[in-house]
Amino acid sequence: TQGSPGGPNGMTRSIACLGTDEFPRIKIGTGERTDPDEDLAEHVLGRPSKEDGKLIENACNDALSALELMLCGDTAKAMNEYN
């Protein structure tokens, strides 16, 4: 799947090393800040609340399930089930 890096420099570096941006990827977002005055770095890098921790755990489990499908050659199914 083609796309912009849309994330940290590591993705930009991966695209540069591979010479293409046409590969499937799994992204896990940080969610919206509940307080617009909260520092963005703290929101992304800080310790999550218990509630957010559970959401993160669920997102990681979904990402693993999607990865399983992708490794079996069914990227379209992974995208349909987990996007």
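Residues numbered from 1 in each chain as written. Predicted model: local features only at pLDDT ≥ 70, side-chain atom pairs only at ≥ 80, totals over all residues. Heavy atoms only, no water.

Right, let's get into the pattern of salt bridges. Per the counting criterion, the structure on display carries 2 salt bridges. Between lysine 54 and glutamate 57 there is a salt bridge; the shortest N-O distance is 3.9 Å. Taken together, the residues span about one helical turn, with lysine 54 and glutamate 57 both in helix α3 (residues 50-71) at a distance of 3 residues. Judged by relative accessible area, which is 44%, lysine 54 ranks as partly exposed. Since its relative accessible area comes to 42%, glutamate 57 is described here as partly exposed. Among the ionic pairs, lysine 77 bridges to glutamate 81, the shortest N-O distance being 3.8 Å. Taken together, the residues span about one helical turn, with lysine 77 and glutamate 81 both in helix α4 (residues 75-82) at a distance of 4 residues. On the basis of relative accessible area, lysine 77 is assigned to the partly exposed category, the value being 38%. (Salt bridge = Lys/Arg side-chain N within 4 Å of Asp/Glu carboxyl O. Helix = DSSP H or I, 4+ residues; strand = E, 2+ residues; numbered from the N terminus. Buried < 20%, exposed > 50% of the residue type's maximum accessible area, 1.4 Å probe, protein only.)

Another aspect to go through is α3. In this model α3 runs 31 Å from its N-terminal to its C-terminal C-alpha over 22 residues, within 8% of the 32 Å that 1.5 Å per residue would give. Of the residues making up α3, those classed as buried are Ala63, Ala66, Leu69 and Met70. Looking down the long axis of α3, one finds its buried residues gathered within 115 degrees of arc, a one-sided arrangement. In this structure, α3 carries Lys50, Leu64, Glu68 and Leu71 as exposed residues pointing more than 90 degrees from its buried face. Looking at the buried side of α3, the elements it contacts are α4. Two residues or fewer after α3 comes glycine 73, characterised by a positive phi angle close to 90 degrees. (Expected span 1.5 Å × (residues − 1). Arc of directions from axis to C-beta. Contact = heavy atoms within 4.5 Å.)

Right, let's get into the side chain of histidine 43. Within the secondary structure, histidine 43 sits in helix α2 (residues 40-45). Take histidine 43: its relative accessible area is 18%, and that puts it in the buried class. In contact with histidine 43, not counting residues within four places along its chain, are Thr30, Gly31, Glu32, Arg33 and Glu38.

Here the focus is the packing of aromatic side chains. Using the criterion set out here, one finds 0 aromatic pairs in the structure. Above the plane of the ring of phenylalanine 23 lies arginine 25, whose end atom (NZ or CZ) is 4.4 Å from the centre. (Phe/Tyr/Trp six-rings, centres within 6.5 Å; stacked < 30°, edge-to-face > 60°. Lys NZ or Arg CZ within 6 Å of the ring centre and 35° of its normal.)

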